[in-house]
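# Structural features, examined
Chain by chain, the residues:
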Protein chains: 2
Amino acid sequence: MTSVQSDIEIARAAAKKPIMEIGAALGIPADQLVPYGHDKAKVSADFIGSLSGRPDGKLILVTAVNPTPAGEGKTTTTVGLGDGLNRIGKRAIVCVREPSLGPCFGMKGGAAGGGYAQVVPMDDINLHFTGDFHAITAAHNLLSALIDNHLYWGNALGVDSRRVVWRRALDMNDRALRDMVCGLGGASNGFPRQTGFDITVASEIMAILCLASDLEDLERRLGDIIVAYRHDKSPVFARDLKADGAMTVLLKDAMQPNLVQTLENNPAFVHGGPFANIAHGCNSVVATRTALKLADYVVTEAGFGADLGAEKFFNIKCRKAGLKPAAAVIVATIRALKMNGGVAKADLGHENVDAVKAGCANLGRHIENVKQFGVPAIVAINHFSGDTDREIDAVRDYVARFGEEAIVCRHWEKGSAGIVDLAEKVVELAETGHAQFAPLYPDEMSLFGKMETVVKRIYRGAEAVAEPTVLDQLSQWEAAGYGHLPVCMAKTQYSFSTDPTALGAPNDHTVAIREVRLSAGAGFVVAITGQIMTMPGLPRTPAAETIHLDDRGQIEGLF
Amino acid sequence: MTSVQSDIEIARAAAKKPIMEIGAALGIPADQLVPYGHDKAKVSADFIGSLSGRPDGKLILVTAVNPTPAGEGKTTTTVGLGDGLNRIGKRAIVCVREPSLGPCFGMKGGAAGGGYAQVVPMDDINLHFTGDFHAITAAHNLLSALIDNHLYWGNALGVDSRRVVWRRALDMNDRALRDMVCGLGGASNGFPRQTGFDITVASEIMAILCLASDLEDLERRLGDIIVAYRHDKSPVFARDLKADGAMTVLLKDAMQPNLVQTLENNPAFVHGGPFANIAHGCNSVVATRTALKLADYVVTEAGFGADLGAEKFFNIKCRKAGLKPAAAVIVATIRALKMNGGVAKADLGHENVDAVKAGCANLGRHIENVKQFGVPAIVAINHFSGDTDREIDAVRDYVARFGEEAIVCRHWEKGSAGIVDLAEKVVELAETGHAQFAPLYPDEMSLFGKMETVVKRIYRGAEAVAEPTVLDQLSQWEAAGYGHLPVCMAKTQYSFSTDPTALGAPNDHTVAIREVRLSAGAGFVVAITGQIMTMPGLPRTPAAETIHLDDRGQIEGLF
């Protein structure tokens, strides 16, 4: 990679077009775009409603090998492929997630692609953007306040104050808020009880916003949220607190997808950003569907590696939204494959063909897994300057054994010019139309059966196990009518197993379902297989200490 | 009042102009306006910087008698007077505060004027608007997180964890968060300590944003915030945590004033909204100064009655920002004067001239007080349909005794056509130029002396008293270099005294300064004279229960 400019320098030097022009090229009239500054806009709900009769473009998923500290560049490849498809004459839209504000102040680094494959304005996108996450925070905490207010004013619904499951939310890394006792200070402040805050991206409202098809569906799902249980264990819904209408009002603007542009002035929707462990980790259904109506090709990404991200994209998002992906791109880097092959990060600078070959086991399994869903797969090798030809050839040879192709991509360095080969291959795959997408398990399968299916067929574990209390809970939910829901696996992103150090392609492990949670509004049952952190902390030296405005009013230290 | 339409119906029926047109009429180029939708925009910091050489227009303060449950209509009169001045050929801009989100879900009612004197889009202004309050919330909670993170990673600054004075903030009415213990759950979550949340408008950052002259001044003030004390009682500043740069980054957009329009398509800045008890209760200095550069007349309001609002506007905002108000309008209603004269709210429907005369004592004292600052005063009687001619004449006669005029205004019913008389009188007063504004006390006076001055000359109390611990604290701050700051009195808004039931014009009461707080970033010392609630609760039946979107996607139940 020859670029010596940082991501933010490249982003700032971009010759952005007015966002109204980007919208006009998609056929969106100016009065149907709600501007936020001159380079960001929301697409109006009315306009989206007017698109229903149109045919859909082809949906391309970008997923990856298991993440390593070496970096894979999934968002970068998603953006690059969008630019590449536009370069070869296809009308393509990129659909990615919105980054969370809180983590920006912890570890350095934004999340809007990189190099010459970015969405802009990068700084705005990483900060308040169009206020979607703030709206979700507000809606979340309104519901929280209504719960304690209900307890305060007599608890007519008979809520068991020990079984309030709805916590509070902030878009901030603040470990001190993970666990707290509120309602102290005497009678006028309510009843003390133990609760805590999650980061906004972990809010069920984030998952709901990303799965809802329109405002009506949003309101219904918000009403379906289980906030607490009574002494007889019966659930109390947000609807029982009459919270759903006001929450919908707070979220009405946030439901409209955000249009921005790539460095090459191609359109991108950046909308929604649920966690990829306790939630499904994809951008919003509204954005994806809208993009499919407006473009020949829509390139979207899913969180973490394909074992978590692609599995949930297929089994949750595509199933529920009726999406039919035409192809999947699995992003790998030589560096990540080496780490999966046992090389330490410090030793990545040396050629090591054997390690690459060993690490390919991880890639191979993701290829097999994606194909299980009836979706053709292609491998993108996101090129780094230290990669050697022999290492690259090792990956190519390995992938060929699956009847697939691995294509070297240089979009980080060269923008769309570096990713034409991948774009052409994606078009070839998509237009032959041999995708036969189907989710991995039917709605009718038992909840534990669904978990077992993912464990055995995707993680290649020997078995899924759970304590009787967990199995009882699943049975109760099935009896209550939630048995048709898909499952959302919360597992470490670093391994196919629940052991984050077991890289490569581990086999025959046991996956313990330690806890299950019902996200009744989002519409899935979460299976927790390890420690899941829903409120991050800040590091010893937070990035916040160096973030500031320079003399020209530009942000320094954020990226 | 003949209107049968609700405020929101009138607001929705408004023929709004594109906000770029409103800006263009003020001479703001389109590329210097940052649009938020088609009807809201921020004025760029660059454009504001370019105005420094221009002369200032005339500044008119709108204040009021002490508030009663009968309603006074201060914001409505501010907006109406702006329209009235434009109607008679003056270029006028209205400058009002942004409403807070949290209270919208408690008691019904927005805050953007009323009847035919409103700023629009009313629903957006009352909800997320341009995200300013969310940005303040984020900046506030970043600082909070950095404090607990500092304790977690070894507390190099030696913070006494019992003396952390910086709390957290949310723009939500949530009494359960007033008092809490955070950091529970074991070593990985930090050190347990007692703290709580305030509503965002009570954040010192809100006051700072409203008093800062530019981003540089903002950053300096943010750094000056005292977040905690060490075991030796020495203060720990936000700057010590290196938080000021990142907070400034979070607030850079929020610092830019928001341009909207009145129902009559005249320009209005709606920007900032600090509490009027523990803070100074005025819109931002940046908005006011920018408006003065762009208009002949700027009409602005201050919180609560003139004893709190006008006093702080003059002694804090005008002193610190170098503003010289040309005239003040004191808003009264026949109904409010009757209540100040001893009539219960249920009996306001009957003519009662004697009660009006008795209640005028409250008005008279506010007239005297405003004139003490060298600012000419005029009384606006905000007309209600039940007002009788004899009641109105009683007020006119009373005000004439002060050599001033009381003018009946019908802007609620008729828009600018109903307030021409007041507009002409304001112009006459302002253009004769006999305003000789001066703050009530010099910077050099002792802190307690400043409190005594306000108590005696504004509240007409016999004395201010304070425990030795309070006096010691003030001496310590004076020794530490904070003696030059103005004082910010936190007193009930309902009475000149500290007894909220003592209406009219009580005399010779004692005002006890129970507690003092140093807002070192905002630049004032708060004197607390009673119970001050910085986190409201929700009522038994919150407005949130009825707020929803109707079939056309319009908000119902918010107003």
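Residues numbered from 1 in each chain as written. Chains lettered and ligands numbered in written order. Predicted model: local features only at pLDDT ≥ 70, side-chain atom pairs only at ≥ 80, totals over all residues. Heavy atoms only, no water.

In the annotation of an unreviewed UniProt entry, the entry for chain A reads Formate--tetrahydrofolate ligase, and the organism field reads Georhizobium profundi. Note on chain A: under the UniProt heading Pathway (unreviewed entry), the record states "One-carbon metabolism; tetrahydrofolate interconversion." Under Sequence similarities (unreviewed entry), UniProt gives the following word-for-word description of chain A: "Belongs to the formate--tetrahydrofolate ligase family." (UniProt positions renumbered as here; feature names shortened; annotations may be inferred.)

Here we come to the domain arrangement of chain A. Residues and elements named next belong to chain A. As assigned here, chain A comprises domain 1 (7-129 + 254-431), domain 2 (133-251) and domain 3 (447-529). Taken together, the 10 residues of domain 2 in the interface contact nine residues of domain 3. Taken together, the two surfaces of domain 2 and domain 3 that pack against each other cover about 610 Å², and 56% of this comes from carbon and sulfur. For domain 2, the biggest contributors to the area lost against domain 3 are E204, R221 and I226; these three give 50% of the whole. Applying the counting criterion to the domain 2 and domain 3 interface returns zero salt bridges. (Domains from an automatic or database assignment. Contact = heavy atoms within 4.5 Å. Buried area = accessible area lost by both parts, 1.4 Å probe. Salt bridge = Lys/Arg side-chain N within 4 Å of Asp/Glu carboxyl O.)

Here the focus is the interface of chain B and chain A. Between chain B and chain A, the contact holds 65 residues from the first and 66 residues from the second. Each partner contributes to the roughly 5500 Å² buried at the junction of chain B and chain A, and carbon and sulfur atoms together form 67% of this total. Where chain B packs against chain A, one counts four salt bridges. Linking R168 of chain A and D174 of chain B is a salt bridge whose minimum nitrogen-to-oxygen distance equals 2.9 Å. At the junction of chain B with chain A, the criterion picks out 29 residue pairs in polar contact (both at pLDDT 80 or more). In terms of residue count, helix α6 (residues 132-152) of chain B provides more of the side of chain B that touches chain A than any other element does, 10 residues in total. Among the residues forming the side of chain B that touches chain A, the class breakdown is 37 nonpolar, 16 polar and 12 charged. (Polar contact = N/O pair within 3.5 Å; in protein donor to acceptor, adjacent residues only side chain to side chain. Helix = DSSP H or I, 4+ residues; strand = E, 2+ residues; numbered from the N terminus. Nonpolar A, V, L, I, M, F, W, Y, C, P; charged D, E, K, R; others polar.)

This paragraph deals with the pairing of strand β14 (residues 258-262) of chain B. All names here are of chain B. With respect to burial, β14 is a largely interior element, five of its five residues being buried. Pairing of strand β2 (residues 41-43) with β14 involves two bridges; the strand directions are antiparallel. Paired with K42 across the bridge in β14 is N258. Note: strand β6 (residues 117-120) against β14, two bridges, orientation antiparallel. In the sheet register, V120 faces β14, and the bridge partner there is Q261. Hairpin connection, β14 to strand β15 (residues 267-270): the antiparallel pair is bridged by four residues, and N265 has positive phi, about 65°. (Buried < 20%, exposed > 50% of the residue type's maximum accessible area, 1.4 Å probe, protein only. Pairing = 2+ DSSP bridges.)

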